[in-house]
Amino acid sequence: MNIAVIGAGALGCLFGGRLTESGHDVYLLHYRQAYVDHLNEAGLTIESENDEKTDIAVTATTDANEIGVADLVIVFVKSHQTRDALAEHAACIGPETDLLSLQNGLRHYDRLLDIADEDHSFAGVTYQGAVVEEPGYIRVTSSGSSTFGGANDGGLHRIEEILVEAGFPVELVDDPRPYIWAKQLVSLPIKPLAALTHLSNGELIETPETRTLMKEIVAEAEYVAEHHGVDIPMDDPMAEVVATCEESYSHYSSMLQDIRAKRKTEIDDVNGAIVDIAREEDVDVPINELATNLVRALEKSYLD
Ligand SMILES: NC(=O)C1=CN([C@@H]2O[C@H](COP(=O)(O)OP(=O)(O)OC[C@H]3O[C@@H](n4cnc5c(N)ncnc54)[C@H](O)[C@@H]3O)[C@@H](O)[C@H]2O)C=CC1
Ligand SMILES: CC(C)(CO)C(=O)C(=O)O
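Residues numbered from 1 in each chain as written. Chains lettered and ligands numbered in written order. Predicted model: local features only at pLDDT ≥ 70, side-chain atom pairs only at ≥ 80, totals over all residues. Heavy atoms only, no water.

A. Spatial organisation of the domain arrangement of the chain. Domain annotation for the chain reports domain 1 (2-174) and domain 2 (178-300). Put simply, the middle of domain 1 and the middle of domain 2, counted by C-alpha atoms, are 25 Å apart. Listed per partner, the contact involves 17 residues of domain 1 and 18 residues of domain 2. The contact between domain 1 and domain 2 buries some 1,600 Å² in all, and 56% of this surface belongs to carbon and sulfur atoms. Our enumeration of links across domain 1 and domain 2 arrives at three salt bridges. One salt bridge connects lysine 78 with aspartate 258, and the closest N-O pair in it is separated by 3.7 Å. For the pair domain 1 and domain 2, the interface holds 11 residue pairs in polar contact (both at pLDDT 80 or more). Sorting the residues of the side of domain 1 that touches domain 2 by element identifies α4 (108-115) and β8 (121-134) as the ones contributing at least two each. Take the side of domain 1 that touches domain 2: its biggest share by element is five residues, from β8. (Domains from an automatic or database assignment. Contact = heavy atoms within 4.5 Å. Buried area = accessible area lost by both parts, 1.4 Å probe. Salt bridge = Lys/Arg side-chain N within 4 Å of Asp/Glu carboxyl O. Polar contact = N/O pair within 3.5 Å; in protein donor to acceptor, adjacent residues only side chain to side chain. Helix = DSSP H or I, 4+ residues; strand = E, 2+ residues; numbered from the N terminus.)

B. A look at the site of ligand 2. Surrounding ligand 2, one finds Ser187, Ile190, Lys191, Asn201, Thr244, His251, Ser253 and Ser254. Here an oxygen atom of ligand 2 sits 2.8 Å away from a polar atom, N or O, in the side chain of histidine 251. For ligand 2, an oxygen atom lies 3.5 Å from a polar atom in the side chain of serine 253. Burial of ligand 2 by the protein chains amounts to 81% of its free accessible area of 280 Å². Considering each element in turn, the shell around ligand 2 owes the most residues, three residues, to helix α6 (residues 177-197). (Near = heavy atom within 4 Å. Areas by Shrake-Rupley, 256 points an atom, 1.4 Å probe, with all protein chains shown as cover.)

Listed below in structure tokens is the structure:
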């Protein structure tokens with residue numbers, strides 16, 4: 001299969017690297033020529049959770065015209081980069097190209113549907129984790145499954161087959177939206193509060209002040225989901241938040257890592273999306289709104 005991966009970062013390199021290894025013609029798309037040259041010359045090294053290292057020769061490019069029309073495009077830029085990246089690399093997307101996104105946030109499925117029809121748009125979540133240790137060196141941090149869905153069964157099974165062959169556990173669902181919400185419901189209280197307090201996930205849940213705010217953020221989001229007609233497949237979201245924080249006690253959330261590295265965060269697509277949807281549904285979400293505005297203000301202190 002001819003596959004383009006938009007965003008050759010942590011997950012883009014992991015998925016793109018393993019799909020290359022399993023025999024597909026994969027192109028990793030990035031916007032920086034020096035990074036692309038490095039990937040083409042030195043290849044990728046993927047370090048698995050049991051410290052096994054695999055070297056993979058990959059093809060990277062900044063120019064989607066070099067790819068032609070791909071059979072499958074996988075989107076792995078950060079959520080706020082998606083619209084621009086899809087426009088920039090539109091040359092590899094034709095009417096028969098399948099699009100897949102397993103990004104975080106609440107809007108990635110809709111962004112695909114903005115540019116492709118329902119039969120070619122597939123989205124969901126992944127519990128696979130990875131970090132870029134240095135350019136071309138990817139370390140796997142977790143090997144959870146990827147749950148995704150879409151309207152076209154044939155397309156879903158085509159993507160499932162190649163991902164499973166490449167070693168990724170996959171679960172298919174008819175409608176991915178409830179699963180996208182379920183994953184975000186756990187992230188919503190952790191990410192902004194970690195970004196604002198610099199506490200680890202475990203410290204956030206142990207600290208009475210942040211724990212109370214976390215409960216409120218989750219309760220507001222559950223209320224928005226209910227008004228928005230999303231039936232979240234999770235009995236007790238706050239219990240999931242507590243379990244996640246306990247399991248990842250010393251982990252500093254990705255949003256805090258973005259703040260520390262002075263990068264733009266994904267706040268607009270996480271708590272910011274809850275605020276927007278709440279507004280559409282005429283529901284108040286004061287704690288999500290405060291958390292969103294504070295993280296945006298924090299970003300403003302170092303961006304531009
Ligand atoms: N890294 C992880 O463990 C997980 C990440 N996710 C989600 O997956 C998505 C991707 O995350 P990561 O791989 O961690 O991000 P990342 O920041 O490592 O990779 C994104 C890459 O896209 C590149 N990029 C930005 N604009 C571009 C453009 N116009 N064209 C081509 N490339 C462009 C960036 O320079 C970067 O290298 C995010 O939504 C994230 O929240 C979800 C689960 C786990
Ligand atoms: C919120 C959570 C648990 C993953 O969604 C996290 O800690 C992170 O984003 O790094």
